[in-house]
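Spelled out from the first residue to the last, the chains are:
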Amino acid sequence: MLGKTFGCCRFLYNHMLSDRKLADIEGRSERPRPAMYKKEYPWLKEVDSLALCNVQLHLETAYKNHKERKDAGYPRFKRKHDSRCSYTTNVVNGNIRLEENVKKIRLPKVGSVRIKVHRDIPEEGKLKSVTVVREASGKYYASLLYEMPERENQAKGDKADEKVLGIDFAMRGLAVFSDGSRADYPGYYRETEKRLAREQRKLSRCEKGSRNYVKQKKRVAVLHEKVRNQRKDFLHKLSRSLADEYDAVGVEDIDMRAMSRSLHFGKSVMDNGYGMFRTMLGYKLEEQGRILVKADRFFPSSKKCSVCGKIKEDLALSERKYRCSCGNEMDRDVNAAINLRAEARKRISA
Ligand SMILES: [Zn+2]
């Protein structure tokens, strides 16, 4: 039933997208709705109807993103052999619930499914929706969205006592902190990355479509998922410990996409996970009434001397050490992190 639901959602998405495209060309403003397709394709009624409603919302989001965000392309058709499938369904009148001491989840049209719980289920939260995913590795996941009662913000103490940290993006490793320490992925993560690269090379040597190719592709997908999970796990833990310790954190306002394009660092910057780390840190701080201060896009965090404030216009990317005429000599990234901390402190006390 899960496989069927993925299929129906994909089918509906593609039909709605194609009809929407046609309507746009012909200048009609009417929008396709799932009900219109159920007459012609009655088997759509066999799956969870709320999953189909969400398809319409997803398509609208895709169009909205395309219109409002520069980096979002025109909505594309979903392919049957796309490695990842998913559908989202909503809670209506208790149709979705956890059963038998959270050992099972009941989903519409699917029934009770045995589950392994990875996270604590919030007691005071209200279950709103569930997204079911089948990863390329063949594993199934359900993510549960809970609505939580609003939490009280922590009382603010004296501004001068607030603990503030500056973080600069590091090309090697992950990040550099204003206290001079660095954060980098643990060794086991790098090991999995290397193993993934090895298996990917093997895949490229397999004859496409052969039995070995299919087998190897699965192996790569499993490793991909492992790398992704290890990275997320590490970034969640790191951002959690920082959000618990500091009242405010200063970071650069950088567009990771533009950065990787313009500097030709390509994959390494994108895959480094720094953007994901910043997002996690941002909401974790916010949850506790603390803040992530993004320095202005034109704030010269690298060029400014963190001791005397002089600006070094001709700082080359290859200069790893920041040297100033005032005698300040320190690691370039640490200098930038200190500037970002100062900027954050200025912002929160303003
Ligand atoms: Zn100086």
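Remember, it's a predicted structure, so these values are computed and weren't measured experimentally.

**Q** For the pattern of salt bridges, give the residues involved together with the corresponding values.
**A** If charged atoms from side chains of opposite charge come close, those side chains can pair. In total, this model carries 25 salt bridges according to the counting rule given. In this structure, Glu99 and Arg106 form a salt bridge, with 2.8 Å as the shortest nitrogen-oxygen distance. On the accessibility criterion, Arg106 (30% relative accessible area) is partly exposed. Arg297 is the partner of Asp253 in a salt bridge, and the nearest nitrogen-oxygen pair spans 3.8 Å. With Asp253 in the loop between β10 (248-251) and α6 (256-262) and Arg297 in the loop between β11 (291-294) and β12 (321-323), the pair connects residues that are 44 residues apart, well separated along the chain.

**Q** Before we move on, can you summarise the packing of aromatic side chains with the specific residues and values?
**A** By convention here, two paired aromatic rings are described through the distance between centres and the angle between planes. Going through the model one piece at a time under the given rule, you end up with ten aromatic pairs. Between Phe6 and Tyr140, the ring centres sit 6.5 Å apart and the planes meet at 15°, which makes this aromatic pair stacked. One end of the pair, Phe6, is in helix α1 (residues 2-25); the other, Tyr140, is in strand β6 (residues 140-147), and 134 residues separate them in sequence. Among the residues examined, Phe6 registers a relative accessible area of 4% and is labelled buried. Each member of the aromatic cluster is reached from another via a ring pair, and the members are Phe6, Tyr87 and Tyr140. Above the plane of the ring of Tyr246 lies Lys163, whose end atom (NZ or CZ) is 5.2 Å from the centre.

**Q** Give me the coordination of the zinc ion: which residues, what numbers.
**A** Around the zinc ion, the protein contributes the donor atoms Cys305 (SG), Cys308 (SG), Cys324 (SG) and Cys326 (SG), which lie 2.2 to 2.4 Å from the metal centre. Coordination geometry of the zinc ion: the four donor atoms subtend angles of 106 to 113° at the metal centre, consistent with an arrangement described as tetrahedral. Read in sequence order, the donor residues coordinating the zinc ion give the pattern C-x2-C-x15-C-x1-C. Taken as a pair, Cys308 in the loop between β11 and β12 and Cys324 in the loop between β12 and β13 (329-331) lie far apart in primary sequence, 16 residues in all. Among the residues examined, Cys308 registers a relative accessible area of 38% and is labelled partly exposed. Looking at Cys324, the relative accessible area reads 16%, which means it is buried.

**Q** A description of unusual backbone geometry should follow, citing residues and the corresponding values.
**A** Despite not being glycine, Asn93 shows a phi value in the positive range, around 50°. Topologically, Asn93 is positioned in the loop between β1 (85-90) and β2 (97-99). The class of Asn93 is exposed, set by a relative accessible area of 80%. For Asn101, which is not glycine, the phi torsion reads 60° and is therefore positive. Tracing the backbone shows Asn101 in the loop between β2 and β3 (104-107). Given a relative accessible area of 69%, Asn101 falls into the exposed group.

**Q** Describe a positive patch on the surface, naming the residues involved and giving the relevant values.
**A** Together, Lys116, Lys139, Arg195, Arg198, Arg201, Arg205 and Lys226 line one region of the surface with positive charge. In terms of residue count, helix α4 (residues 187-205) provides more of the positive patch than any other element does, four residues in total. Assignment of secondary structure puts Arg205 in helix α4. On the basis of relative accessible area, Arg205 is assigned to the exposed category, the value being 64%.

**Q** Account for the packing of α4 against helix α5 (residues 211-245), naming residues and giving values.
**A** Axis separation between α4 and α5 bottoms out at 9 Å; the angle between their running directions is 160°. As far as their axial angle goes, α5 and α4 are roughly antiparallel. Note that α4 runs across α5; the crossing there is left-handed. In this structure, α4 uses Tyr188, Tyr189, Thr192, Glu193, Arg195, Leu196, Glu199, Gln200, Lys202 and Leu203 to contact α5, whose residues at the interface are Tyr213, Gln216, Lys217, Arg219, Val220, Leu223, His224, Lys226, Val227, Gln230, Arg231 and Asp233.

Scoring rules and cut-offs
- Residues numbered from 1 in each chain as written.
- Predicted model: local features only at pLDDT ≥ 70, side-chain atom pairs only at ≥ 80, totals over all residues.
- Heavy atoms only, no water.
- Salt bridge = Lys/Arg side-chain N within 4 Å of Asp/Glu carboxyl O.
- Buried < 20%, exposed > 50% of the residue type's maximum accessible area, 1.4 Å probe, protein only.
- Helix = DSSP H or I, 4+ residues; strand = E, 2+ residues; numbered from the N terminus.
- Phe/Tyr/Trp six-rings, centres within 6.5 Å; stacked < 30°, edge-to-face > 60°.
- Lys NZ or Arg CZ within 6 Å of the ring centre and 35° of its normal.
- Donors = N, O, S within 2.8 Å, 3.2 Å for Na, K, Ca; no water.
- Tetrahedral: all angles 85-135°; square planar, octahedral: opposite > 155°, others 65-115°.
- Patch = residues over 30% accessible without salt bridge, like charges linked within 9 Å, V, L, I, M, F, W, Y side chains within 5 Å.
- Areas by Shrake-Rupley, 256 points an atom, 1.4 Å probe, with all protein chains shown as cover.
- Lys, Arg positive; Asp, Glu negative; His and termini not counted.
- Charge placed at Lys NZ, Arg CZ, Asp CG, Glu CD.
- Axes fitted to C-alpha atoms, helices over the stretch in contact; angles between N-to-C directions.
- Parallel < 35°, antiparallel > 145°, perpendicular 65-115°, else oblique.
- Left-handed = near helix turned anticlockwise from the far one by under 90°.
- Contact = heavy atoms within 4.5 Å.

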